[in-house]
Amino acid sequence: MSDAHGPTIKCCTLQYWRKHWNDRKINFHEPIVNRTLEEQIPLVNAKHKIHKILVPLCGKSLDMLWMIDQGYHVVGVDGARQAVEEFFTDHGLEWTERDATSMGPGCRLLQTAPVYLQNMVNLYVPAENLDPVVKISSRFLAVDRLLNAERNIKLYYGGIDLFNRTVEGQFDFIWDRGGIVSLNREAVDGYVDTMKDLLCPGGSMLIESHDSVVFTEDGTDSPPPPYVMYENEFKSLFEPECTVYSIDRNLHPRAGRIFKNVYYLVTKMS
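Residues numbered from 1 in each chain as written. Predicted model: local features only at pLDDT ≥ 70, side-chain atom pairs only at ≥ 80, totals over all residues. Heavy atoms only, no water.

S.K.: Explain the pairing of strand β3 (residues 52–56) to me, using residue names and the numbers behind them.
M.R.: β3 sits mainly inside the fold: 5 of its 5 residues count as buried. Two strands pair when backbone bridges link them, and β3 and strand β4 (residues 73–78) are joined in this way by 5 bridges, in the parallel orientation. Each bridged residue has a counterpart across the sheet, and for Pro56 the counterpart in β4 is Val77. Tracing the backbone out of β3, into helix α3 (residues 62–69) and back to the parallel element β4 gives a crossover that is right-handed. For β3 and strand β8 (residues 171–177), the ladder comprises 2 bridges, and the chain directions are parallel. For Ile53, the partnering residue across the bridge sits in β8 and is Phe173. (Buried < 20%, exposed > 50% of the residue type's maximum accessible area, 1.4 Å probe, protein only. Helix = DSSP H or I, 4+ residues; strand = E, 2+ residues; numbered from the N terminus. Pairing = 2+ DSSP bridges. Right-handed = clockwise from strand over helix to strand, strands pointing away.)

In structure tokens, the structure reads:
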């Protein structure tokens, strides 16, 4: 099927979101780090040590940079090539690239380039200034963390349905910032099965969702995406392998709409 503007693309499919990136319709991209994420990671880490974090449907999220700054090894996955590249270019990071053969044909792995990071340290932290009392901006301290090969960032370009535990193993923590509510409804069950398989025993998944209608600022209803999901749906999808708890909620204005955010902490049984 097509119209005067070209082929019709089914809502919330991979092609749909790629077109949004190509057309620069990315009002969903947040210019700040998520407050609930900042609050919850230390609490989760105190109960189950976090080393490796997965960000599915990651876009170019600033949350990933913040998690690197905290010293975590971060892996992101997105089906929009433009989003993956812009994460590196927006932050002045060079990257290396190769085929992600474990995901399938056409998939690629982009990750921070160690040589470039070393050059950044040489440029911004001259040898005579390496005294521990020297105050350096948090971003440059983050460069030092990135130099640790276990704490760099890997972004995979490819469909999330192609990402499995043979690619990067399992994860201690998964951060879904509105990913599940942006999927085509036919893809949700498969997505959840993938997330449960990727989460290590005792690991947790923090999910940003919406449990009521999203309004525009003039008070009228706004059609999906994002889709509305309720707590009983999350319990049905994740239990009995995982526990599901609602832990936070807030109103969040963005791009002319008011989002009623609800956060769920999903923990896999040990």
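We are not done yet, so read on.
S.K.: I'd love a proper account of unusual backbone geometry, names of residues and values included.
M.R.: The omega torsion of the bond from Glu239 to Pro240 falls at 5 degrees, within 30 degrees of zero and hence cis. Tracing the backbone shows Pro240 in the loop between α9 (231–238) and β11 (242–254). Look at Arg24: it is not a glycine, yet its phi comes out positive at around 60 degrees. Of the residues examined, Arg24 reaches a relative accessible area of 40% and is grouped as partly exposed. Its identity is not glycine, yet Leu57 carries a phi of approximately 55 degrees, on the positive side. Mapped onto the elements of the fold, Leu57 is located in the loop between β3 and α3. Its relative accessible area of 27% is what places Leu57 among the partly exposed residues.

S.K.: Account for the nonpolar core, with residues named and values stated.
M.R.: Ranked by size, the top nonpolar core spans 33 residues in total, and within it Leu54, Tyr156, Phe163, Ile180, Met205 and Phe238 carry the most contacts. Contributions of two or more residues to this core are made by β4, β8, α8 (188–198), β9 (199–210), α9, β11 and β12 (257–268). One finds Val55, Trp66, Ile68 and Val84 within the second-largest nonpolar core, a separate group that totals 26 residues. (Core = buried A, V, L, I, M, F, W, Y, C linked by side-chain atoms within 4.5 Å.)

S.K.: Could you give me a rundown of the environment of Glu39, with the residues and numbers involved?
M.R.: Residue position: Glu39 is located in helix α2 (residues 35–47). With relative accessibility at 38%, the residue Glu39 sits in the partly exposed group. A polar contact of 2.9 Å, which involves the side chain of Glu39, links it to the side chain of Arg35. (Polar contact = N/O pair within 3.5 Å; in protein donor to acceptor, adjacent residues only side chain to side chain.)

S.K.: Run through the pattern of salt bridges, naming residues and quoting values.
M.R.: Opposite charge on two side chains lets them pair, provided their charged atoms get close. Summed over the entire model, instances satisfying the criterion amount to 18 salt bridges. Here Glu241 ties to Lys196 by a salt bridge, and the two come within 3.4 Å at their closest N and O atoms. Linking Glu241 in the loop between α9 and β11 with Lys196 in helix α8, this pair joins segments that are 45 residues apart in sequence. On the basis of relative accessibility, which here comes to 11%, the residue Lys196 falls in the buried class. Here the salt bridges share partners, and the residues they tie into one network are Arg81, Glu85, Glu97, Asp99 and Arg108. (Salt bridge = Lys/Arg side-chain N within 4 Å of Asp/Glu carboxyl O.)

S.K.: Go over α2, please, and point to the residues and values.
M.R.: Note that an α-helix has 3.6 residues per turn; residues three or four places apart therefore point the same way. Here α2 has its buried residues at Thr36, Leu37, Gln40, Ile41, Val44 and Asn45. Sitting at the amino-terminal end of α2 is Asn34, which places a side-chain oxygen 3.0 Å from the backbone nitrogen of Thr36.

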